[in-house]
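Reading the structure
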Amino acid sequence: PLDLIWISKDCVVVNIMSDLPSPSPETHSSELPLYLPKESAAYTFEINAGEAHKHGIVLGSPVRFTGLISRLNSACG
């Protein structure tokens with residue numbers, strides 16, 4: 001299971017979906033659920049289920065990318 005965190009171009013968390021189940025291996029790609037943010041987002045961060053809550057990530061949390069490609073560092077550095 002995953003938590004999906006959507007991040008705006010202004011580097012703020014705009015949506016979180018928690019504890020999304022893993023599909024079974026037999027699930028055809030046409031049957032997979034499509035998850036979309038409630039607001040426009042530039043980035044999607046996928047982490048293990050429960051990690052968003054564990055680390056206090058909530059709507060409006062500021063985001064800073066570190067250790068990633070320079071384009072992202074300059075966007076949210």
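What this report covers is the structure whose coordinates are included nearby. (Residues numbered from 1 in each chain as written. Predicted model: local features only at pLDDT ≥ 70, side-chain atom pairs only at ≥ 80, totals over all residues. Heavy atoms only, no water.)

Structural notes on the overall build of the protein chain
Along the backbone of the protein chain there are 2 helices and 3 strands. For the protein chain, the succession of helices and strands along the chain, N to C, is β-β-β-α-α. Considering the protein chain as a whole, with its 77 residues, one finds that 25% of them fall into the buried category. Looking at the protein chain alone, contacts between residues at least 24 apart form 61% of all its contacts between residues at least 6 apart. For the protein chain, the accessible area works out to roughly 5,500 Å², and carbon and sulfur atoms hold 55% of it. (Helix = DSSP H or I, 4+ residues; strand = E, 2+ residues; numbered from the N terminus. Buried < 20%, exposed > 50% of the residue type's maximum accessible area, 1.4 Å probe, protein only. Contact = heavy atoms within 4.5 Å. Areas by Shrake-Rupley, 256 points an atom, 1.4 Å probe, with all protein chains shown as cover.)

Focus: the packing of aromatic side chains
Enumeration over the complete set of coordinates arrives at 1 aromatic pair. Plain terms: the ring middles of Y43 and F65 are 5.0 Å apart, the flat faces sit at 75 degrees to each other, and that makes the pair edge-to-face. Placement of Y43 in strand 3 (residues 43–48) and of F65 in the loop between helix 1 (51–54) and helix 2 (70–75) is noted, with a sequence separation of 22 residues between them. Each member of the pair, Y43 as well as F65, is classed as buried. (Phe/Tyr/Trp six-rings, centres within 6.5 Å; stacked < 30°, edge-to-face > 60°.)

Observations concerning the sheet that holds strand 1 (residues 2–7)
Read across the open sheet, the 3 strands follow the order 2-1-3; overall the sheet is antiparallel. Strands with a single pairing partner mark the edges of an open sheet, and in this sheet they are strand 2 (13–20) and strand 3. Looking at each pair of strands side by side, their axes are set apart by 15 degrees on average, direction ignored. Pairing of strand 1 with strand 2 involves 5 bridges; the strand directions are antiparallel. By the bridge assignment for strand 2, L2 is matched with L20. (Pairing = 2+ DSSP bridges. Axes fitted to C-alpha atoms, helices over the stretch in contact; angles between N-to-C directions.)

Thoughts on the nonpolar core
Membership of the largest hydrophobic core is limited to 10 residues, which are I5, I7, C11, V13, Y43, I47, A52, V63, F65 and C76. Elements with a contribution of two residues or more to this core: strand 1 and strand 3. Those residues in contact with C76, other than ones at most four positions away along the chain, are C11, Y43, V63, R64 and F65. (Core = buried A, V, L, I, M, F, W, Y, C linked by side-chain atoms within 4.5 Å.)

It is worth stressing that arrangement in space is one thing and function is another; only the former is reported here.
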